[in-house]
Amino acid sequence: MQGRTVLPSRLVFVRRETETRIHILLKLFGLLLFQRERLEIEPHIDDPFMPFVPDLAQFDYQGRIALWVECGECAISKLDRLAVKAPDAEIWVVRRSAEAAGDVLQRMAQEGLRRARYGVVGMDAAMLEEVEQLCVARNDVVWHRASWQDQVIQFEFNGLWFDCGFTVGRH
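Described below are features of the structure shown in this document. (Residues numbered from 1 in each chain as written. Predicted model: local features only at pLDDT ≥ 70, side-chain atom pairs only at ≥ 80, totals over all residues. Heavy atoms only, no water.)

So, about the overall build of the chain. A tally of regular secondary structure across the chain gives four helices and nine strands. Walking the chain from its N terminus toward its C terminus, one meets helices and strands in the order α-β-β-β-α-β-α-β-α-β-β-β-β. Relative to the compact-globule value of 16 Å for 171 residues, the chain shows a C-alpha radius of gyration of 16 Å, a close match. For the chain, the spread of C-alpha atoms along the three principal axes comes to 45 × 35 × 35 Å. Carbon and sulfur atoms make up 47% of the accessible area of the chain, which amounts to about 9,600 Å² in all. (Helix = DSSP H or I, 4+ residues; strand = E, 2+ residues; numbered from the N terminus. Rg over C-alpha atoms; globule rule 2.2 N^0.38 Å. Areas by Shrake-Rupley, 256 points an atom, 1.4 Å probe, with all protein chains shown as cover.)

Below, the structure written as structure tokens:
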């Protein structure tokens with residue numbers, strides 16, 4: 001993906017009443033996997049024709065959306081509209097498991113979404129569930145590495161080491 005960027009020493013995720021811990025964790029892992037300059041969490045989009053808010057987005061120097069990341073459940077119709085509303089953006093979906101990622105890819109094909117516009121990441125479901133159980137009000141995450149080529153992530157979460165895979169699919 002992109003070159004290495006320096007992450008802030010502290011990130012604050014605020015969980016809304018309607019959000020699950022899994023959704024927050026998917027945003028965290030999305031942020032860590034897609035880390036690049038100007039990557040923002042749920043940014044305000046100053047465009048009256050854009051009815052959506054991304055979980056994560058990166059803007060180019062002209063203020064256009066360069067990367068749009070949806071985490072968790074996402075309607076296929078929304079993804080279809082995003083391809084039109086953000087024509088130059090990379091569009092990615094981060095799902096909780098390889099099976100869930102495969103389901104999104106299958107539905108994209110069934111609905112006839114544009115080819116070569118979307119990427120889908122499937123996290124390791126067992127890892128995600130274990131991390132969810134370890135969550136407390138304040139959590140320590142030490143990110144060691146992510147390899148898109150090997151599809152591996154390595155990190156520590158509240159003192160426990162994780163070394164697991166993820167899947168990547170394209171449509």
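The next point concerns unusual backbone geometry. The phi angle at Glu42 is positive, at roughly 40 degrees, despite the residue not being glycine. Inspection of the secondary structure puts Glu42 in the loop between strand E1 (39-41) and strand E2 (56-59). The phi torsion at Gln151 lies on the positive side, around 55 degrees, for a residue other than glycine. Turning to its location among the elements, Gln151 is positioned in the loop between strand E6 (141-147) and strand E7 (152-157).

This part covers the sheet that holds E2. Strand order in the open sheet made by the six strands is E1-E2-E3-E4-E5-E9, with mixed pairing throughout. Of all strands in the sheet, those with a lone pairing partner are E1 and strand E9 (167-170), marking the two edges. Taking the axes of each pair of neighbouring strands and ignoring which way they run, one obtains an average angle of 20 degrees across the sheet. In this structure, strand E5 (residues 118-122) lies alongside E9, joined through four bridges in antiparallel fashion. Pairing of Gly119 across the sheet is with Arg170, part of E9. In the packing of helix H3 (residues 98-111) onto the sheet, the strands contacted are strand E4 (90-95), E5 and E9, and the crossing angle to E5 comes to about 155 degrees. (Pairing = 2+ DSSP bridges. Axes fitted to C-alpha atoms, helices over the stretch in contact; angles between N-to-C directions. Contact = heavy atoms within 4.5 Å.)

Moving on to helix H2 (residues 76-85). All buried positions along H2 are accounted for by Ile76, Lys78, Leu79, Leu82 and Ala83. Down the axis of H2, the smallest arc covering the buried residues is 155 degrees, so these residues share one side. For H2, the elements touching its buried residues are strand E3 (65-71), E4, H3 and E5. (Buried < 20%, exposed > 50% of the residue type's maximum accessible area, 1.4 Å probe, protein only. Arc of directions from axis to C-beta.)

Before going further, it helps to spend a moment on the pattern of salt bridges. Here the structure, examined in full by the defined rule, presents nine salt bridges. Where Lys27 meets Glu19, a salt bridge forms, and the shortest distance between an N and an O atom there is 2.7 Å. Here Lys27 matches Glu19 in class, with each residue buried. In this structure, Asp103 engages Arg107 in a salt bridge whose closest nitrogen and oxygen atoms are separated by 3.2 Å. A residue pair is termed a helical-turn pair when its members lie 3 or 4 positions apart in one helix, as Asp103 and Arg107 do in helix H3 at four residues. Residue Asp103 is classed as partly exposed on the basis of its relative accessible area of 34%. (Salt bridge = Lys/Arg side-chain N within 4 Å of Asp/Glu carboxyl O.)

Any functional reading would require information that these geometric values do not contain.
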